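# Summary of structural features
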Amino acid sequence: MADLHQVPGASADQLTRRAPAPAPSSSPRRGVGRRGMHGVLGHKSPLRPWLLLAPALGVLGVLLLWPLARVVMISLQDYGLRQIASGESNYVGFDNYAAIFGDSFLWTVVLPNTIGFAVACVVLTVVLGTAVALFLNNLGTLWRTVCSTAIMVAWAVPAITGTYVWIWIFDPLNGLVSSVLDSVGLIDPATTNWFTERLSFYAIATLNVVHHGFPFVAITVLAGLLTIPKELHEAAMMDGATPWRRFWTITAPILRPVFAVVTILSTIWDFKVFTQIYLMPGGNGGNKEVFNLGVWSYIQSFAQGKYGMGSAIAVLLTLILLGITVVYMRTLFKEEEL
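Small disclaimer: the values here were computed from a predicted structure and weren't measured. (Residues numbered from 1 in each chain as written. Predicted model: local features only at pLDDT ≥ 70, side-chain atom pairs only at ≥ 80, totals over all residues. Heavy atoms only, no water.)

## Points about the packing of aromatic side chains
Spelled out, the test is: Two rings from Phe, Tyr or Trp (for Trp, the six-membered ring) form a pair when their centres sit within 6.5 Å of each other. Planes less than 30 degrees apart are called stacked, planes more than 60 degrees apart edge-to-face, and all others tilted. Only runs of H or I of at least four residues qualify as helices and only runs of E of at least two qualify as strands under DSSP, and these elements are numbered from the N terminus. Burial here depends on accessible area, computed with a 1.4 Å probe over protein chains only, as a share of the maximum for the residue type. Under 20% is buried, over 50% is exposed, and the range in between is partly exposed.
A complete count under the given rule lists 17 aromatic pairs for this structure. Taking 5.1 Å as the distance between ring centres and 70° as the angle between the ring planes, the aromatic pair formed by Y278 and Y298 counts as edge-to-face. With Y278 in helix α14 (residues 275-278) and Y298 in helix α15 (residues 293-303), the pair connects residues that are 20 residues apart, well separated along the chain. What makes Y298 partly exposed here is its relative accessible area of 32%. Among the aromatic side chains, those forming a connected cluster through ring pairs are F274, Y278, Y298, F302 and Y307.

Here it is in structure tokens:
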């Protein structure tokens, strides 16, 4: 501290405040500890996001990755009831996959059922959902809320309940459709069974899935429609554009990301449909002509005890869904870059 006589007019308190602060402690242990903690948990540390995600990743690893790895391991074995009881492993390599791809049943029945059914359901679901969304967009706020709530009931109904309702509607003897067609003399209920023929079976299943899935598309597309400025449609109307032309030149381009998301999500859901097929008459193994990949995997595993074969079919279905998911993620990333 400088002497008082060296700074004219300065008091002792002023000189004290001017004095430099004491040097920080040079304890290497404390300094390194703080720097190390900041390096691990600091804002710019690359480990910080992974530390925050670690609990969720651990749960996913236990609930998702390990069962998936276990299914892959079983698909490489001749795994049946004996192996379950003894705990032994009987690895056969890719023999199960060779048997699946060498079976004509996969190419003539299962894959056509799976792919054709999924394509029909996705197209009808997106088209119907979009039409309903356009209808809701033209309603007032009150009626839009009432109608949106009503159609969401179809989405809230469990798949099991909805399936049994459609089974009752098309019941060969006492169903609503059979009774109406019998009253006008078009069919004979005693000789007509909608669930034995492959085409009629999947027609009923398609109605079931579309009825259950279109509310999601309708509400999602409606949310996108509400973001389109009304001035664009008003300007197009002044230029003489028809509603159909306004949809394809204004609505569809703006809602392209929305249509991409609902289409790919619907594809994923419809490829792995199981409940709506298995619960219908003949879908639980009585009619092999209506099997899809999900039902075929279940029948092989739990009805015939061929868990290795069933797991291989499940892996095949998972790879198909994984490919669809990759397309979905690439679509999202491309839309974010636009």
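## Description of the environment of F94
Mapped onto the secondary structure, F94 falls in the loop between α4 (81-86) and α5 (95-101). Each C-alpha atom of the pair F94 and A312 lies 9.0 Å from the other, and the pair is 218 residues apart in sequence.

## Quick word on helix α7 (residues 141-156)
Each turn of an α-helix holds 3.6 residues, which means side chains three or four residues apart point in the same direction. The line we're drawing: Expected helix span is taken as 1.5 Å per residue step, with the number of steps being one fewer than the number of residues. Relevant arc is that of directions from the helix axis to the C-beta atoms, nothing else. Any two residues whose heavy atoms approach within 4.5 Å at even a single point are treated as in contact.
The terminal C-alpha atoms of α7 lie 22 Å apart, and with 16 residues this matches the ideal 22 Å at 1.5 Å per residue to within 8%. When α7 is considered as a whole, its buried residues turn out to be R144, S148, I151 and A154. In a view along the axis of α7, the buried residues occupy a sector of 100°, so they form one face of it. Residues of α7 that are exposed and point more than 90 degrees away from the buried face comprise L142 and A156. Against the buried residues of α7 lie α6 (104-137) and α10 (198-225).

## What about the side chain of S301?
Our working definition: Contacts described as polar in this section are N or O atom pairs within 3.5 Å, which, within protein, must combine one atom able to donate a hydrogen with one able to accept it, while residues neighboring in sequence count only if both atoms come from side chains.
With respect to the helices, strands and loops of the structure, S301 is situated in helix α15. S301 gets classed as buried once you look at its relative accessible area, which sits at 6%. At 3.0 Å, the side chain of S301 forms a polar contact with the backbone oxygen of S297. Not counting residues up to four positions away in its chain, the partners in contact with S301 are K306, Y307, G310 and S311.

## Thoughts on the environment of P253
By secondary structure assignment, the location of P253 is in helix α12 (residues 243-254). Residues within four places of P253 in sequence aside, it is in contact with F247 and W248.

## Quick word on the nonpolar core
Stated formally: The nonpolar core is taken to be a set of buried Ala, Val, Leu, Ile, Met, Phe, Trp, Tyr and Cys residues, with the residues joined through side-chain atoms within 4.5 Å.
Residues I100, L106, F117, I277, L293 and W296 are the most contacted members of the largest nonpolar core, which totals 64 residues. Mapped onto this core, the elements with two or more residues apiece are α5, α6, α8 (159-169), α10, α12, α13 (256-271), α15 and α16 (307-337). The biggest single contributor to this core is α10, with twelve residues. Setting aside anything within four residues of it in sequence, one finds W296 in contact with I100, D103, F105, L106, V110, F291 and I313.

## A word on a nonpolar patch on the surface
Test applied: Like-charged residues are merged into a patch within 9 Å and nonpolar side chains (Val, Leu, Ile, Met, Phe, Trp, Tyr) within 5 Å, provided each residue has over 30% relative accessible area and no salt bridge. Computed by Shrake-Rupley with a 1.4 Å probe, the accessible areas treat only the displayed protein chains as cover when residues are assessed. Any Lys or Arg side-chain nitrogen found within 4 Å of a carboxyl oxygen on Asp or Glu counts as a salt bridge.
Together, W50, L53, L57, L60, L64 and L65 give the surface a local cluster of nonpolar side chains, amounting to about 630 Å² of exposed area. Within the secondary structure layout, L57 lies in helix α3 (residues 48-75).

## What to know about α13
The terminal C-alpha atoms of α13, which comprises 16 residues, lie 22 Å apart, in line with the 22 Å expected from a rise of 1.5 Å per residue. Every buried residue belonging to α13 is among F259, A260, V262, I264, L265, S266, T267, I268, D270 and F271, and all of these are buried.

## Here's the deal with the packing of helix α11 (residues 230-238) against α12
Put simply, the test is: Where helices are involved, their axes are fitted lines through C-alpha atoms of the stretch in contact, as for all axes, and angles between N-to-C directions lie from 0 to 180°. Note on terminology: angles under 35 degrees are roughly parallel, angles over 145 are roughly antiparallel, angles of 65 to 115 are roughly perpendicular, and the others are oblique. Here a crossing is called left-handed whenever its near helix is offset anticlockwise from the far helix by less than a right angle, and right-handed whenever the offset is clockwise. Under the grouping applied here, Gly and all other residues not named as nonpolar or charged are polar, the nonpolar ones being Ala, Val, Leu, Ile, Met, Phe, Trp, Tyr, Cys and Pro and the charged ones Asp, Glu, Lys and Arg.
Across the interface, α11 lies against α12 with an axial gap of 10 Å and an inter-helix angle of 160°. Classed by the angle they form, the pair α11 and α12 counts as roughly antiparallel. As α11 packs across α12, the resulting crossing turns out to be right-handed. Counted together, L232, H233, A236 and M237 of α11 and R246, I250, T251 and I254 of α12 form the full contact between these two elements. Residues belonging to the contact of α11 with α12 are distributed by class as follows: five nonpolar, two polar and one charged.

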